[in-house]
Amino acid sequence: MNQENSWPTLILITNNIPDSSCVALAEQIRQQAGDRFILINFILDDNNPKLIQQCLEIGDDVIYTPIEQEHFRSKLLAQKRLEQRFLKTEAEKQNLEIYRQNVTLEQDIIERIYDTHCRGNQVDRDNIRLHNSPKALLSGDILITQEAPTGSVYVAIGSVSGRGLSAALGAMPIFSTFRAMTKKGKPVGKIAAEMNRSLATVLPSNMNMSLSLLELSHHCDRLTVWSGGMPYGIIVSSPDAAFEPVLSKHPPLTELSEFDFSQDVSVFDLTPGQRIFFHTNSVERSQDGNQQAFGQSDITDCIKADPSRAFSHITTELEARSQNLDSVFVELLCDVSDAESASNQAANNVAAMPWCLTINLDADDLKSVSPTPQIIRLLSNAVGLDVHQDFLSTVISELYNNALDHGVLGLDSELKATDDGFMVYYSEREKRLKNLKEGSVNISIQYENKEIKISLKDSGKGFNVKQIKKSSELDTFGRGLDIIRSLCSRLEHSEGGTRVTVWYNVCS
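**Quick notes on the overall build of the protein**
Alright, step 1. Within the protein, the secondary structure is distributed over 14 helices and 18 strands.
Alright, step 2. Looking at the 508 residues of the protein, the share that counts as buried comes to 45%.
Alright, step 3. Total accessible area on the protein stands at roughly 26,800 Å², and carbon and sulfur atoms take up 49% of it.

Okay, structure coming up:
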């Protein structure tokens, strides 16, 4: 009985034990058994109430003689079921303990990851406010910041699908890629592309990462955004609370291959006092004690009601729900007084030789090639253009789409004016492009004296350049030329509207 594996689970004790008490023997067995599961049944030929009470205090059942076979069998089967339930409960208890230990280990590992890559490494400025809940990294949520050599500030806010260690480890390539590229002042679109490439080598096919990658210029007058799979951000002005959404225009990282990935960014001109807000998807999943969600509309209403206090109000609300919430929230204030004056002259003093790139696309090329990403990859090797690739990508993309759509294919933007206009427009575009037999777009890009000249010539019929009108804030289309004008120093149409030329200053 002293051996660990020799203990029985059912013991029968009679009250006719020579030189011993059945109750005393049961007490001795209980003491030696410790926490082991043992059922002790007493077989009595005496119905003495005091003896019965003593037996039930230490044992599990009392059986009187003479014993009826079926009655005895039923009692044993009932106790066998009790034993099986106990063993099942013990097994579940052990599994839960193993799970608890694994979760604790995961939390320790994730905490080390957070300490290494996030805590203490964030940009410390009064115009940047960050909220990162303790459970955020457990769910794969990230929030990292970095100052660039030019004095601008990069912010990466996102979430890996899944939870726990797998999600946290899935975000690992993001940290090193972000730190390495932002320290060199690389463009936002290129950083996102490299993140996409590095994540694709780590994450399984059923996981992805939603991400908003931001760059706030060192003068706080321009915001550059690449966003994929994220809730929309918000730019709001004080005190009139004018509201502008920053839409997520791309799928999450790893959803597209390296060659299909788009580096296109959105660029916003900012004015002093404006505030920029971004958050992860997990914020919208938060619930209070009444299971009421804190959704995007609640966040928007809070920001519009009082932009200057919105961050405090929202983070207080999130912290009140923090028991089951993993949340990341960030506010950027356009306040140049606090933007540290880092050296931004490096990009302006680059000694680069003049060069020229010419690309001629015929009808077959126009039907099968997306030239902008390939052109940007070619320009990535050019000296002094690293910090300008996002803007150049936006400019070239807009110019090319105009040349193809309105020049070669002869599409009219007015098709977009109706409720289903965009669907009609792109359906017609696809049809005309598929049936295209003749047509061409010639692209010329020249660099000289810190200025890039981009010229596109299409084979279309042209148009009256004097009839170009500026888009209004209410227009849902036709803003392409306004974006180009905001990024370039000059824009000219010539040759009857079949050629457009822009000049981009790399010192801006």
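This is not the end of the story, as more comes after the structure.
**Section: the packing of helix 8 (residues 296-305) against helix 9 (residues 307-320)**
Alright, step 1. Following both chains from N to C, one finds helix 8 and helix 9 inclined at 140°, their axes separated by 6 Å at the closest point. If you check the angle between helix 8 and helix 9, you find them oblique. From helix 8, Ile299, Cys302, Ile303, Lys304 and Ala305 reach across to helix 9, where they touch Pro307, Ala310, His313 and Ile314.
Alright, step 2. A per-class count over the contact of helix 8 with helix 9 returns seven nonpolar, one polar and one charged.

**Topic: the confidence of the model for the protein**
Alright, step 1. With 81% of its residues at a pLDDT of at least 70, the protein reaches an overall mean of 81.
Alright, step 2. The low-confidence segment residues 340-350, where pLDDT is below 50, has 23 contacts with residues more than four positions distant or belonging to other chains.
Alright, step 3. Across residues 471-477 the pLDDT falls below 50, and counting only partners more than four positions away or on other chains, this stretch makes 12 contacts in the model.

**As for the sheet that holds strand 1 (residues 10-14)**
Alright, step 1. If you trace the three strands from one edge of the open sheet to the other, you get 1-2-3, paired in parallel fashion. In the strand order of this sheet, the two ends are held by strand 1 and strand 3 (61-64), each with one partner. Strand after strand, the sheet turns through a mean of 25° between neighbouring axes, direction not considered.
Alright, step 2. Pairing analysis gives four bridges linking strand 2 (residues 39-44) to strand 3, with the strands arranged parallel. Counterpart to Ile43 in the pairing with strand 3 is Ile63.
Alright, step 3. Sheet strands in contact with helix 2 (residues 49-58) are strand 2 and strand 3, and its direction is about 165° off that of strand 2.

**Describing the side chain of Ser198**
Alright, step 1. Within the fold, Ser198 resides in helix 6 (residues 188-200).
Alright, step 2. Separated by 3.1 Å, the side chain of Ser198 and the backbone oxygen of Met195 make a polar contact.
Alright, step 3. Look past the residues within four positions of Ser198 in its chain and what remains in contact with it is Pro173 and Thr177.

**Details of the pairing of strand 13 (residues 328-333)**
Alright, step 1. With six of its six residues buried, strand 13 lies for the most part within the structure.
Alright, step 2. Covered by surrounding structure in strand 13 are Val328, Val330 and Leu332 together with Phe329, Glu331 and Leu333, the residues of both alternating faces.
Alright, step 3. Inspection of the sheet shows strand 4 (residues 128-132) paired to strand 13 by five bridges, in the antiparallel sense. Across the sheet, the residue bridging to Arg129 is Glu331, located in strand 13.
Alright, step 4. Here strand 12 (residues 275-279) runs beside strand 13; their pairing, made up of five bridges, is antiparallel. Of the residues in strand 13, the one forming a bridge with Arg275 is Leu333.

**A word on the packing of helix 1 (residues 22-33) against helix 2**
Alright, step 1. Running from N to C, helix 1 and helix 2 cross one another at 10°; their axes reach a closest spacing of 10 Å. Judged by the inter-axis angle, helix 1 sits roughly parallel to helix 2. Facing Cys22, Val23, Ala26, Glu27 and Arg30 of helix 1, the residues of helix 2 in contact are Leu51, Gln54, Cys55 and Ile58.
Alright, step 2. Here the residues of the contact of helix 1 with helix 2 sort into six nonpolar, one polar and two charged.

What counts, and where the lines are drawn
Residue positions within a chain follow its written sequence, with the count starting from 1. Whole-chain, interface and lining totals are the exception, using all residues; otherwise, since this is a predicted model, local features are given only for residues with pLDDT of at least 70 and side-chain atom pairs are given and counted only at 80 or more. No hydrogens and no water enter the side-chain calculation; it runs on all heavy atoms of the structure. The numbering of helices and of strands both runs from the N terminus, where a helix is a DSSP run of H or I of at least 4 residues and a strand a run of E of at least 2. Relative accessible area decides the class of each residue, using a 1.4 Å probe on protein chains only: under 20% of the type maximum gives buried, over 50% gives exposed, and in between gives partly exposed. For accessible areas, the Shrake-Rupley method is used with a probe of radius 1.4 Å. Any residue's cover is judged against the shown protein chains and nothing else. Lines fitted to C-alpha atoms define the axes here, with helix axes fitted over just the stretch in contact, and angles between the N-to-C directions of these axes take values from 0 to 180 degrees. For classification purposes, angles smaller than 35 degrees are called roughly parallel, those larger than 145 roughly antiparallel, those between 65 and 115 roughly perpendicular, and all remaining angles oblique. In what follows, residue pairs with any heavy atoms lying within 4.5 Å of each other are defined as contacts. Polar here means any residue outside two lists: the nonpolar Ala, Val, Leu, Ile, Met, Phe, Trp, Tyr, Cys and Pro, and the charged Asp, Glu, Lys and Arg; Gly therefore counts as polar. Along the chain, pLDDT gives the predictor's confidence residue by residue, from 0 to 100. By this definition, two strands are paired if DSSP reports at least two bridges between them. Here a polar contact is recorded for every N or O atom pair within 3.5 Å, except that within protein the pair must consist of a potential hydrogen donor and a potential acceptor, and residues adjacent in sequence are included only if both atoms are side-chain atoms.

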